[in-house]
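# Chain and residue survey
Here is how the chains run, residue by residue.
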Amino acid sequence: MQLLVRGLAGLLICCGLGLARADAGVGVLEVQFRSVAVPQNTVPAIAQDRAGFVWIATSKGLTRYDGYRLRPIELAGDTTASRSLGWVRAMASAVDGRMWIGTEFQGLMAYDPEQDRVERHGGAQGGNGPQAPIRALATGQDGVVWVGTLGRGLYRYDPAARRFEAHELRWRDEAETRVLALRVGSDGAVWAGHWRGLARFAKGAWENVVLPGLPDGMPVQALVEDRAGRIWLGTQDGHLGVVEQGQVRWVQALGMPINALAEAADGRLWVGGKVGLFWVNPASGAVEARLRQDPRRVMGLAGNDVSGLLRDRSGAMWVSGYGLGVQRHLSHPALAVRGPDADPAGPMAEADVRAMLALRNGEVLAPTQSGHVVRLDGRPGRELATLGELPRERQSVVEALAEATDGSLWMAAAGRLEHRAADGRLLRDWPLDGGRAQQLLLRQDGSVWLGMQEGLYRLAGVAAAPERVHPLDGLLLQGGVYTLRVAPDGRLWVGGQQGLFRERVAGAGGLEVVPQAPRQTLGSPIVMGLLWGRDGRLWVDTPVSGLHRLKDWDTEGRARFERISERHGMEGVFGGNLHEDGQGRIWSQLYVYDPAADRLDSFGSAEGANFGSFWFFASAELPGGGLLFGGSRGLLRVLPESWRTLPSSPPLVISGLRVNGQPYEQPHTLREGLRLPPGKRSLSVEFAALDYADPTRLRYEYRLEGLDSDWTRVDAAGRNPSFGPLKPGRYLLQVRATAHHSLWGSEQLQLPITLEPAWWETTMARVAGVLLTLLALWAWMRWRTRSLRRREAELKALVDERTAELRELSLTDALTGLRNRRYLELRLDDDLRLCLRRFETPDDAGPGPDADLLLLLLDLDHFKRINDVHGHAAGDAVLVQLAQRLRQVFRETDSLVRWGGEEVLTLARETDRRDAAELAARVCAAVRDQPFEIAPGETVHVTVSIGFCAFPLDPRHPRLWDWRACLALADSALYAAKAQGRDGYVGAIRASGLSPREAPDGLAAWRGEKRLQMASSSALVDPA
């Protein structure tokens, strides 16, 4: 019986080997991956934690990947060697968010996201942990960690108690210490793959699981649980099996060591080994694809030595390995790329397709740039397999194709229009002008229309050559013609570089410009694509404003367009190649627009649509509703019925923090918020949306409530904003992300931030500070008031002093220091009133002896001669010294006024007029007796002449001689003194009956006037 079982198992294995060899090809539809740059492309293990980060063990140490960068995960230490975790071979994510790490030399580690650091849990540095390389880890819902080592066996570790418990595995009554794979099932059972086979821990005991057909056992290197709860295992010799009802059933023999297993989102089993990657149908065990590195496929598998497989939370598959690095599988159920044929001699060896035609029999004609017209099988389920090549006697590149109702083919190629039979036989050809053909349209009347790089052409009947078509009204249709479509009413519509045209009458061929309503025109005058929908609506694509829809016509017959792309925030061409699916959605090779939901989505390389540069005028509709688009490195096949919109709101995480410019180690979990100690004023946050399909396409919005009220929108390059300076208080950082161009999902990251105040920033300190400030302000106000009052007094005294000085300066001659005329004008009236009051109200004794005013007018003799001979400086020196000498003669109460030039007017107050002559004589002597120094060692003799007058001149009639009359009389006396020989004086002492009109004028008059008592320095009159 045992021999029979072994024989059946061997037969099954042989069948599996034969099946594997028979189904080793990948097929013509490409399997695409995107690589993550890692050191030396060596990755022993890969995992994903609860937050969504992908963990990658590299040859340079352990890293954590957020889609943008690899962040090293290290121990605390001063040197690179002390910080490195070394070679990591196993990782397991725990329910509490920790990532458990199995190292080759340093034992068991754990990364705690709440502390943002790695902790040791026994190992080479001490503790009771295993002192051996760790090759397998597994965690359960109870938080227990199972640790499989190479040489020390299996351990159960309780993180709460920090205690290791050894579990002995046995094989044929011998201890087995080499554990290679671990898995905790959904039912709580623990599975261990070891050097001799498979063991299961249930109900507190370990039991071996028989490997049928392998009596000596076999290392089990990989374990995985599928969605049905079944355990799959892979052995060192390539056996792939599944545990059903406690027994192993082999489903495939791959003939290579199986290193990794994972179940894809579609239920397919991924099997990684030393020689590539296999896709296995779990139901039949059939190998659906074998993936190996092919240098010609730039988006293919990067290496063949697979060490790890991972299905992330989005359902995408990851592959890691030696020489392979890390790659993410790019896949979308609606999208696939038909790349070049594997045979370099085949017709599709070059897959640059810039035109195509879907025939009514289900075939697709795909002209390549090498001149071949490849026949592809476009029927559903045939995966665009190559059927052969359409025979042609020319190798010119076909630019446009069309199929006639009789099955014949029309082609434009290299300046020729060809008409061929269905088998490729040439029936007739015509020369073509206008450059490259871009559109070829066959109409029901048998005419052939060609949109060229330069103009529109039509071949009608048996014409000798296509004729160029121009619009009506004398217009010239120049430039490229990009699209030709027949409307439901049979009229031809033409789009191109000059805009949008249509036939005025169906079939007549006369074109007119399509009028457009103001403010509802096309966003760009150039038309790249046209499509008439099944509902009769026209869709238009332009190179700048994208997709438009013809809404209706206004009362004047002008078209009114709705700008779909602009309304959805999209720029640029929609794609040019427009198609409608069965649900009324509008497709191109770049976008899909759903009119019912008014939703516009994009797709591209992130979804596996890597078919190179897309080409305008290269698309076709396949049988069954599929769409086909041409590109520089293949064909993009779209299955609209399988389209599903992508999630626009990926999970968000904080991937980095800096406080005051320095990396910040968060002491508590960010889920509870971020608390910053006092003194922190700036904060930099790095966030990431864990969408690994194409992180560069993500857009972010963020705001810090408490500082900003508006959202700030950035691209992936701006996901690390800085905030500051921040005041103590509470803030809330809000971040959201999207992979869509306009839609934002509900997923939002919210991080409460508390900036604690320093003691002086607390409420009590602020209240005390306010009170102290008020007290200080009150004291300062009092001090300030006193200071201002004191200062006001000082300023008033200073102003008074300065005013007096200014007044003094305004009343003083600048050269001599004598008073000026203005001073005399200010003082004279008071002096005259006082003097007159004495004479007009005398007492019995009379006005008194010193009641008179004496007016003396002095003039230096021959002063002009001094200026002329010695210069004006000498004259100024004489005037200055004159003033000094006069001050010695007169009293301080007398006024000395510089009257003009060398004249000085002296007003002697409270003086007896009888002393006037003596006073005048003293002045003459003061000037005459001592020479004036006009320069060092140089002197000059100067004399002075004086005329004087007493006031009031007539004591009996005090007001008869007023001041001006007295001044005029003194001036006349001065001239008399000059006439009598100078260096002397002449003056009037008293008048008796003499009026001012009778005042003497000249020396003779002075001598003869008897009514005037006068005095003179020479004997003019008798003073008695």
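The structure presented is a predicted model; accordingly, all values stated were derived computationally and were not measured. Numbering of residues begins from 1 in every chain and follows the order in which that chain's sequence is written. Where local features are concerned, this predicted model is filtered to residues with pLDDT of at least 70; where side-chain atom pairs are given and counted, the filter is 80 or more; whole-chain, interface and lining totals use all residues. Hydrogens are left out, water is left out, and the side-chain values use all remaining heavy atoms of the structure.

### Here we look at the pairing of strand β48 (residues 529–532)
Rules: Burial classes: relative accessible area under 20% of the type maximum marks a residue as buried, over 50% as exposed, and values in between as partly exposed (1.4 Å probe, protein chains only). Helix numbering and strand numbering both begin at the N terminus, where a helix is a DSSP run of H or I of at least 4 residues and a strand a DSSP run of E of at least 2. One bridge is not enough; two strands pair if DSSP finds at least two bridges between them.
Every second residue of β48 is oriented toward a common face, with G529 and L531 on one face and L530 and W532 on the other, all of them buried. In terms of strand pairing, β48 meets strand β49 (residues 538–542) through 4 bridges, oriented antiparallel. Bridge pairing in β49 links L531 to W539. The hairpin turn running from β48 into β49, its antiparallel successor, is 5 residues long, and G536 in that turn takes a positive phi close to 85 degrees.

### Some words on the sheet that holds strand β6 (residues 88–93)
For clarity, the cut-off: Convention adopted: a line fitted to C-alpha atoms gives each axis, helices being fitted over their contacting stretch, and angles between N-to-C directions are expressed from 0 to 180 degrees.
Judged by pairing direction, the sheet is antiparallel, and its 4 strands sit side by side in the order β6-β7-β8-β9 without closing on themselves. Strands with a single pairing partner mark the edges of an open sheet, and in this sheet they are β6 and β9 (117–120). Mean inter-strand twist for the sheet, computed between neighbouring axes without regard to direction, equals 25 degrees. As paired elements, β6 and strand β7 (residues 99–103) share 5 bridges and run antiparallel to each other. If you follow A90 over to β7, its bridge partner there is G102.

### Examining the pattern of salt bridges
For side chains bearing opposite charge, pairing can occur when the charged atoms are close. Short version of the rule: In what follows, salt bridge is the name for a side-chain nitrogen of Lys or Arg lying within 4 Å of a carboxyl oxygen of Asp or Glu.
Scanning the entire structure with this criterion turns up 75 salt bridges. Of the charged contacts, one joins D216 and R172 as a salt bridge, the two residues approaching to 3.9 Å between their closest N and O atoms. Of the two residues, D216 sits in the loop between β19 (205–209) and β20 (220–225) while R172 sits in the loop between β14 (169–171) and β15 (174–176), which places them 44 residues apart along the sequence. Judged by relative accessible area, which is 53%, R172 ranks as exposed. Between E393 and R420 there is a salt bridge, and its shortest N-O distance comes to 2.8 Å. Residue E393 is found in the loop between β35 (386–389) and β36 (398–403), and its partner R420 is found in strand β38 (residues 416–420); the two are separated by 27 residues along the sequence. The buried category is assigned to R420, whose relative accessible area is 0%. One continuous salt-bridge network, built from bridges that share partners, spans R392, E393, R394, R416, E418, R420 and D429.

### A short note on helix α9 (residues 963–979)
To be explicit about the condition: In this analysis, the expected span of each helix is defined as 1.5 Å times one less than the number of residues it contains.
In a regular helix each residue adds 1.5 Å, so 17 residues correspond to 24 Å; α9 covers 24 Å between its end C-alpha atoms and thus fits that length. For α9, the tally of buried residues reaches 12 of 17 residues, placing the bulk of the element in the interior. Turning to α9, its buried residues number three or more, namely W963, A965, C966, L967, L969, A970, S972, A973, L974, A976, A977 and K978. Phi turns positive one or two residues past the end of α9, at G981, with a value near 125 degrees.

### Some points on the pairing of strand β28 (residues 305–311)
In summary, the side chains of a regular strand alternate between the two faces of the sheet. Most of β28 is tucked away, with 6 of its 7 residues classed as buried. Linking β28 back to strand β29 (residues 317–322) in an antiparallel pair, the connection comprises 5 residues, with G315 at a positive phi of about 95 degrees.

### Quick notes on the packing of aromatic side chains
Put simply, the test is: For Phe, Tyr and Trp, where Trp contributes only its six-membered ring, two rings pair if their centres lie within 6.5 Å, and the inter-plane angle classes them as stacked under 30 degrees, edge-to-face over 60, or tilted in between. The criterion is that NZ of a Lys, or CZ of an Arg, lies within 6 Å of the ring centre and within 35 degrees of the ring normal, and then a charge sits over that ring.
Counted by the stated rule, this structure contains 27 aromatic pairs. Centre to centre, the rings of F574 and Y591 are 5.4 Å apart; their planes meet at 25 degrees, and the pair counts as stacked. One end of the pair, F574, is in the loop between α3 (564–567) and β52 (579–580); the other, Y591, is in strand β54 (residues 591–594), and 17 residues separate them in sequence. Plain terms: the ring middles of W587 and W643 are 5.5 Å apart, the flat faces sit at 90 degrees to each other, and that makes the pair edge-to-face. You can see W587 sitting in strand β53 (residues 586–587) and its partner W643 sitting in the loop between β58 (634–638) and β59 (652–659), a full 56 residues away along the chain. Neither W587 nor W643 differs from the other in exposure class; each is buried. Through a chain of ring-to-ring contacts, the aromatic side chains of W100, Y155, Y157 and F164 assemble into a single cluster. Here the basic side chain of R719 rests over the ring of Y68, its NZ or CZ set 3.7 Å away from the ring centre.

### Examining the environment of A965
One can find A965 in helix α9. Judged by relative accessible area, which is 13%, A965 ranks as buried. Sequence separation between A965 and S995 is 30 residues; the distance between their C-alpha atoms is 9.5 Å.

### Some thoughts on the sheet that holds strand β42 (residues 456–459)
Across the sheet, 4 strands lie side by side as β40-β41-β42-β43; this open sheet has antiparallel pairing. One side of each edge strand has no neighbouring strand; the edge strands of this open sheet are β40 (437–442) and β43 (467–469). Along the sheet, successive strands turn relative to each other by an average axial angle of 30 degrees, direction set aside. Here strand β41 (residues 448–452) runs beside β42; their pairing, made up of 4 bridges, is antiparallel. If you follow V448 over to β42, its bridge partner there is L459.

### Remarks on the environment of P295
Position of P295 relative to the elements: it lies in the loop between β27 (287–291) and β28. Taking relative accessible area as the criterion, P295 reaches 72% and is therefore assigned exposed. Measuring from C-alpha to C-alpha, the distance between P295 and G308 comes to 22 Å, with 13 residues separating the pair along the chain.

### Thoughts on a nonpolar patch on the surface
We apply this condition: Patch membership is restricted to residues that have no salt bridge and whose relative accessible area is over 30%. Joining uses 9 Å for like charges and 5 Å for the nonpolar side chains Val, Leu, Ile, Met, Phe, Trp and Tyr. Using a 1.4 Å probe, accessible areas were evaluated by the Shrake-Rupley method; residue-level cover was limited to the displayed protein chains.
Side chains of V767, V770, L771, L774, L777, W780, M781 and W783 sit close together on the surface and give an oily, nonpolar patch of about 790 Å² of accessible area. For L774, the position within the fold is in helix α4 (residues 763–810).

### Focus on the confidence of the model for the protein chain
Segments scoring low in pLDDT should not have their predicted coordinates read at a detailed level. Here is the rule: For every residue, the pLDDT score states the predictor's confidence, bounded by 0 at the bottom and 100 at the top. Note on contacts: a residue pair is in contact if any heavy atoms of the two residues lie within 4.5 Å.
Taken over all residues, the pLDDT of the protein chain has a mean of 90, while the share at 70 or more is 94%. Note that pLDDT drops below 50 for residues 1–25; the model gives that stretch 26 contacts with residues more than four away or on any other chain.

### Overview of unusual backbone geometry
Residue P725 is bonded to the preceding G724 through a cis peptide linkage, with omega at -5 degrees. Positive phi values are uncommon outside glycine, yet L384 reaches one of about 60 degrees. Residue position: L384 is located in the loop between β34 (373–377) and β35. By relative accessible area, which is 2% here, L384 ends up buried. Backbone geometry places A414, a non-glycine residue, at a positive phi of 50 degrees. Relative to the assigned elements, A414 resides in the loop between β37 (409–413) and β38.

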